[in-house]
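A closer look at the structure
Read off the chains here:
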Amino acid sequence: MFGDEAAAYGRYVMGFEIDAAARDAYERAARTLGYDASDAMTRFVQRHPWTLPALDAALALTRPDTLLRKKLLLMAAVLETRPEYSAAFLPRDRSWLAATGVAVSILRAGLLAVFGLILARFVR
Amino acid sequence: MNDFDCIVVGSGAAGTMAAQTLVEAGARVLMLDVGRSDTRFAGTIPQKTFVEIRRSEEDQYRYFLGESFDCAGYATIGTGAQLTPPRRFIVDCVDELLARRTGAFSPLESLALGGLAAGWGLMCAVYSPEELERASLPAAAMRGAYQTIGDRIGISGSDADDAAPYTVRQLGGIQPPLPIDPTAAYLEGRYRRRRARVNARGYVLGRPAMALLTQPKADRSPSALRDMDFYCDDGAAWRPAWTIAQLQRHANFAYAGNVFVTHFAEGEDVVTVAALDVRDRSRVQYAARRVVLAAGVLGSARIVLRSLQSALRLPLLCNDYTYVPCVVAPRLGRSMPERTHSLTQLVLFNERAAGDVAVGTIFSYRSLLLFRLLREMPLGVRDARSLMQYLLSGFIVAGFDHPQERSDGKHLWIEPDAASPTADRLAIDYALTQAERQDHHQRETEFAGILASIGAWPIRRVHPPLGSSIHYAGTLPFAGDERPLTLAPNGRLHGTRSVFVADASGFTFLPAKPVTLSLMANAHRVAGHALH
């Protein structure tokens, strides 16, 4: 169950499957910090992983200190300190076209947040 | 029991400089200190750049997040939040031994070897004659003391740019300044082009003076620019532990660790210092002809109030601090050089009147981990990561310190606390006046405008809790007459013959400039008086 959670969060943060060592590291970290509990929101995303981007976007705006956000930020911290994934967290040269891509992704994040806000009303 | 001429209490910036002055003059010196040190990380962090470590080291989580990921949690902005796992030893034992009730004031104290200076940001600044006068520090004596301290610790900086009159002033022997990163270089270039306009608004910008070597000095090497300054030192940075190691080569110096000093009692020709051995909480005593207190402003206040059994309230000064994350648009989406440093890149000074100088410091963010920024962003984690990867090269954090003079509503005292090892606790009541809040708000607005004019666009203004600047002073102010709980101009505690206070307790005004160099210079001066 906990392994499934780590895999889902890792996949969401990176956009691809993360390895077993990263999942193990996340589990150890979550236990240390007492994030191994669950609540309605984390159980909901376990059942419906496709809702994770929208709910995360909505919570970032409205309730940034919820357990789900804490778990996702912990996954980001764990991945950031693993050499396999660190490049995704370091600055790199990008063309001016990248700025357009960033603007599009912010717009997409806004739409996701609106969808997430609607979705959050159905989380039990 | 009576083998020592002088006991120095505390091993921080003031304590080590006082001890060095005494030892070099031939006095037999005993330094008493709890002296927690880093036993987990020392020697385990590879001698690589931050980026090399990030790309190659499997175990990097140990020093970036903590061995059991204990620094990876969701924490709010607060005092000490900047302490990385390898620097956490600085606050070891503090909660156990230093009981306190401080309300909205959030101080940082240390019982580490080197005290708070073990994690000091290394920025140095010489107070102007006006600032010295307002702080009740003698200008002529301090001028010589600054040079002595500069020669001891090694300072790099620019003695030719616009900020030099506020940083190194007339100090000699300054090493060349540290290189700055491309984002700071861009801001410096913009400042040069708009210099007249910025100067007309009372601001100057330049390179900071740092207690960090850029050339070899004694057995220390220049900075290797590994960008790991928040995690470890490579010998280029001055730390009190380096001076203590030097002093331990002298036969007339002794260091006693695990000693938590609680109070002193002055006898006929000897001062007895009472302490707890922190290993078993047993009571121990030491004696000497003189005592120099350098336990930090809050620590020295505790010892003095306890020793004199005083329930009186002491004044307290602390710089109000704000920071402003900014974006430098032309630097977005650019890579950063691997060889750089994480410390202050540039410094801004705003002189409204002689002796009334506020200080802005500009840092690049890169060598702190990104996940701390992600939680501040109103975006999902994945989008925030992707966005910050683009923004990070153009992201800076500008801090702003306000000068602080004595005013109402800023006091500390001790009160009974049966649960504490000393049966008391420090209580602090500290609030800015309405006039101070308005003045600071106005000044911060101007500061944000200046940042924008040189190309750093403020995103938001963050007010960490009062006490976050970690600059404290003024609890036992210098006074010409023999009033209780004040210091004579030579640092002697009024009402005693042989107890001196060498930290910033005596300052009657706290300039916004970084205080550490000045408290070291004052400690050297006070130790000189304690000798006689």
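The structure this text deals with has already been given above.
The text that follows walks through the structure, step by step, so that each part is easy to find.

**Digging into the overall build of chain A**
What chain A contains, in helices and strands, is six helices and zero strands. Going from the N terminus to the C terminus, chain A shows its helices and strands as α-α-α-α-α-α. Taking 14 Å as the expected radius of gyration for a compact globule of 124 residues, we find that chain A reaches 15 Å, a close match to that expectation. Principal-axis analysis of the C-alpha atoms gives chain A an extent of 45 × 35 × 20 Å. The contacts in chain A between residues at least 6 apart in sequence include a share of 70% that link residues at least 24 apart.

**Regarding the overall build of chain B**
Along chain B, the regular secondary structure elements total 14 helices and 23 strands. In summary, chain B has a C-alpha radius of gyration of 22 Å against a globular reference of 24 Å for 532 residues, a match within 12%. Projected onto its principal axes, the C-alpha positions of chain B cover 70 × 50 × 45 Å. Counting over 532 residues, chain B shows a buried share of 55%. Here the analysis covers contacts within chain B between residues at least 6 apart in sequence; of these, 74% occur between residues at least 24 apart.

**Here we look at unusual backbone geometry**
Residues and elements named next belong to chain B. Even without being glycine, Ser136 reaches a positive phi, approximately 65 degrees. By secondary structure assignment, the location of Ser136 is in the loop between helix 5 (129-134) and helix 6 (139-153). Phi is positive for Arg169, which is not a glycine, with a value near 45 degrees. Along the chain, the position of Arg169 falls in the loop between helix 6 and helix 7 (182-193). Judged by the 16 C-beta atoms lying within 10 Å of it, Arg169 falls in the partly exposed class.

**Here's the deal with the packing of helix 4 (residues 52-62) of chain A against helix 5 (residues 67-80) of chain A**
Residue and element names in this part refer to chain A. Two elements in contact, helix 4 and helix 5, have axes whose closest approach is 10 Å; the angle formed by their N-to-C orientations is 110 degrees. Regarding the angle of helix 4 to helix 5, the classification is roughly perpendicular. Facing helix 4, whose interface residues are Leu55, Asp56, Leu59 and Ala60, helix 5 presents Leu68, Arg69 and Leu72. Looking at the contact of helix 4 with helix 5 residue by residue, the class counts come to five nonpolar, no polar and two charged.

**Let's talk about the nonpolar core**
Ranked by size, the top nonpolar core spans 210 residues in total, and within it Ile7, Val9, Ala18, Val29, Val292, Leu293 and Ala502 of chain B carry the most contacts. No other element matches the nine residues that helix 5 of chain A contributes to this core. Excluding its chain neighbours within four sequence positions, the residues that come into contact with Val9 of chain B are Leu32, Val261, Val273, Val291, Leu293, Ala294, Ala295 and Ile303 of chain B.

**Description of helix 6 of chain B**
All names here are of chain B. Over its 15 residues, helix 6 extends 21 Å from the first C-alpha to the last, a length consistent with the 21 Å expected when each residue adds 1.5 Å. For helix 6, the set of buried residues is Met142, Ala145, Tyr146, Ile149, Gly150, Arg152 and Ile153. Each buried residue of helix 6 sits inside an arc of 160 degrees when the element is viewed along its axis, so together they form one side. Elements in contact with the buried residues of helix 6: helix 1 (13-24), helix 5 and helix 14 (516-531). Positive phi appears at Gly154, one or two residues downstream of helix 6, with a value of about 80 degrees.

**Observations regarding the environment of Asp161 of chain B**
Residues and elements named next belong to chain B. For Asp161, the location among the structural elements is in the loop between helix 6 and helix 7. Taking the C-alpha atoms as reference points, Asp161 and Arg207, separated by 46 residues in sequence, lie 7.3 Å from one another. Asp161 has contacts with Gly206 and Arg207, leaving out every residue within four places of it along the chain.

**Describing the sheet that holds strand 5 (residues 203-206) of chain B**
Residues and elements named next belong to chain B. Read across the open sheet, the six strands follow the order 5-14-15-16-13-20; overall the sheet is antiparallel. This sheet does not close on itself; its edge strands, each paired only once, are strand 5 and strand 20 (457-458). Relative to strand 16 (residues 395-401), strand 15 (residues 356-364) runs antiparallel, the two sharing six bridges. Each residue of the ladder has a partner; that of Ser364, found in strand 16, is Ile396. Along the sheet, helix 7 contacts strand 5, strand 14 (346-353), strand 15 and strand 16; its crossing angle with strand 15, the most-contacted strand, is approximately 140 degrees.

**Looking at the sheet that holds strand 3 (residues 100-101) of chain B**
All names here are of chain B. Ordered by their spatial adjacency, four strands build an open sheet running 3-19-18-11, and the pairing between neighbours is mixed. Unpaired on one side and paired on the other, strand 3 and strand 11 (314-315) mark the two borders of the sheet. Here strand 11 pairs with strand 18 (residues 410-416) via two bridges, running antiparallel. In the sheet register, Leu314 faces strand 18, and the bridge partner there is Leu412.

**Some thoughts on the pairing of strand 10 (residues 282-293) of chain B**
Residue and element names in this part refer to chain B. Alignment of strand 1 (residues 4-9) against strand 10, held across five bridges, turns out to be parallel. Bridging across to strand 10, Cys6 finds its partner in Arg290. Between the end of strand 9 (residues 271-277) and the start of strand 10, which pair antiparallel, lie four residues, with Arg281 showing a positive phi angle near 60 degrees. Bridge count between strand 10 and strand 22 (residues 499-501): three bridges; the pairing is parallel. Bridge pairing in strand 22 places Val291 opposite Val499.

**A short note on the interface of chain A and chain B**
Taken together, the contacts link 38 residues of chain A with 40 residues of chain B. Residue assignment for the side of chain A that touches chain B shows that the elements contributing at least two residues are helix 1 (2-14), helix 2 (20-33), helix 4, helix 5 and helix 6 (96-120) of chain A. In terms of residue class, the side of chain A that touches chain B is built from 26 nonpolar, four polar and eight charged.

Procedures and definitions
- All chains use their own residue numbering, which begins from 1 and follows the written sequence.
- To read the labels, note that chains go from A and ligands from 1, taken in the order they are written.
- This being a predicted model, a pLDDT of at least 70 is required before a residue's local features are given, and a value of 80 or more before pairs of side-chain atoms are given or counted; all residues contribute to the totals for chains, interfaces and linings.
- What counts as a helix is a DSSP run of H or I of at least four residues, what counts as a strand is a run of E of at least two, and both are numbered from the N terminus.
- Note that the radius of gyration is over C-alpha atoms, with the globule rule given as 2.2 Å times the number of residues to the power 0.38.
- C-beta atoms are placed from the backbone for every residue, and two residues are taken to be in contact when these atoms lie within 7 Å.
- Exposed residues have 12 or fewer other C-beta atoms within 10 Å of their own C-beta, buried residues have 20 or more, and partly exposed residues fall in between, where C-beta atoms are placed from the backbone.
- Only C-alpha atoms enter the line fits that serve as axes; for helices the fit covers just the stretch in contact. Angles between N-to-C directions range over 0 to 180 degrees.
- Roughly parallel means an angle under 35 degrees; roughly antiparallel means over 145; roughly perpendicular covers 65 to 115; every other angle is labelled oblique.
- Residue polarity follows a fixed list, in which Ala, Val, Leu, Ile, Met, Phe, Trp, Tyr, Cys and Pro are nonpolar, Asp, Glu, Lys and Arg are charged, and the others, Gly among them, are polar.
- What makes a nonpolar core is a set of buried Ala, Val, Leu, Ile, Met, Phe, Trp, Tyr and Cys residues, with links drawn between C-beta atoms within 7 Å.
- In a helix, the anticipated span is given by 1.5 Å times the number of residues less one.
- Within this analysis, the arc is defined by the directions that extend from the helix axis to the C-beta atoms.
- Here, any two strands with at least 2 DSSP bridges between them count as paired.

Structural measurements only, silent on function.
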